Amino acid sequence: MRARLMIVPLAAAILACGGSSDSTAPGTGSTGGTGGTGGTTPVATTSVEMLNTSFTPRAIRVAPGATVTWTNSDGIAHNVTFAAAANVPASANFAAGSVALQMPAAAGTYAYSCTLHPGMSGTVTVQ
Ligand SMILES: [Cu+2]
């Protein structure tokens, strides 16, 4: 009985070692994922085009408080709606022309989307 009880902790220790080396591998994987995000390096611009139901460029980088202009080239209605934390008022739906919105003064990456089209999203990085 006691001998078995001693074997169990040993087995657990071995499993723990295996587990920790396994968790290292996913960590490396997620680092690769970060590299993938790096693939969408924010573009320094204050102009975003709405085309083919997507924002182009999808990720932009602006100065604090900058005014960003979204131009709809799609011929169908879109909008620009930031997450509430950004404290940027949502645009109306518009099918042509453009809308200009002032970005937050606080540094950060702010996600926004078109609420009419799931998956139509972008980010503004203020820095
Ligand atoms: Cu849309």
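So, here is what we can say about the structure in this document. If you're wondering where the values come from, they're calculated on a predicted model, not measured in any experiment.

Residues of strand 5 (residues 67–72) alternate between two faces, with Val68, Trp70 and Asn72 buried on one and Thr67, Thr69 and Thr71 left unburied on the opposite face. Bridge analysis of strand 2 (residues 47–51) against strand 5 gives 4 bridges, and the strand direction is parallel. By the bridge assignment for strand 5, Met50 is matched with Asn72. With 6 bridges connecting them, strand 5 and strand 7 (residues 97–102) associate as antiparallel partners. Looking across to strand 7, one finds that Thr71 is bridged to Ser98.

Before going further, it helps to examine the sheet that holds strand 8 (residues 108–113). The strand order 1-4-9-8-6 describes an open sheet built from 5 strands, whose pairing is mixed. Pairing within the sheet leaves two strands with one partner each, and these edge strands are strand 1 (43–44) and strand 6 (81–82). Bridging between strand 8 and strand 9 (residues 121–126) involves 6 bridges; their strand directions are antiparallel. When the bridges of strand 9 are listed, Gly108 appears paired with Val126.

This part is about the sheet that holds strand 2. Taken in spatial order, the 4 strands of this open sheet run 3-2-5-7, and their pairing is mixed. The strands lining the two open edges of the sheet, one partner per strand, are strand 3 (54–56) and strand 7. Shown here is a sheet whose adjacent strand axes are inclined to one another by a mean of 25°, direction ignored.

How each quantity is defined
Residues numbered from 1 in each chain as written. Predicted model: local features only at pLDDT ≥ 70, side-chain atom pairs only at ≥ 80, totals over all residues. Buried ≥ 20, exposed ≤ 12 C-beta atoms within 10 Å, placed from the backbone. Helix = DSSP H or I, 4+ residues; strand = E, 2+ residues; numbered from the N terminus. Pairing = 2+ DSSP bridges. Axes fitted to C-alpha atoms, helices over the stretch in contact; angles between N-to-C directions.

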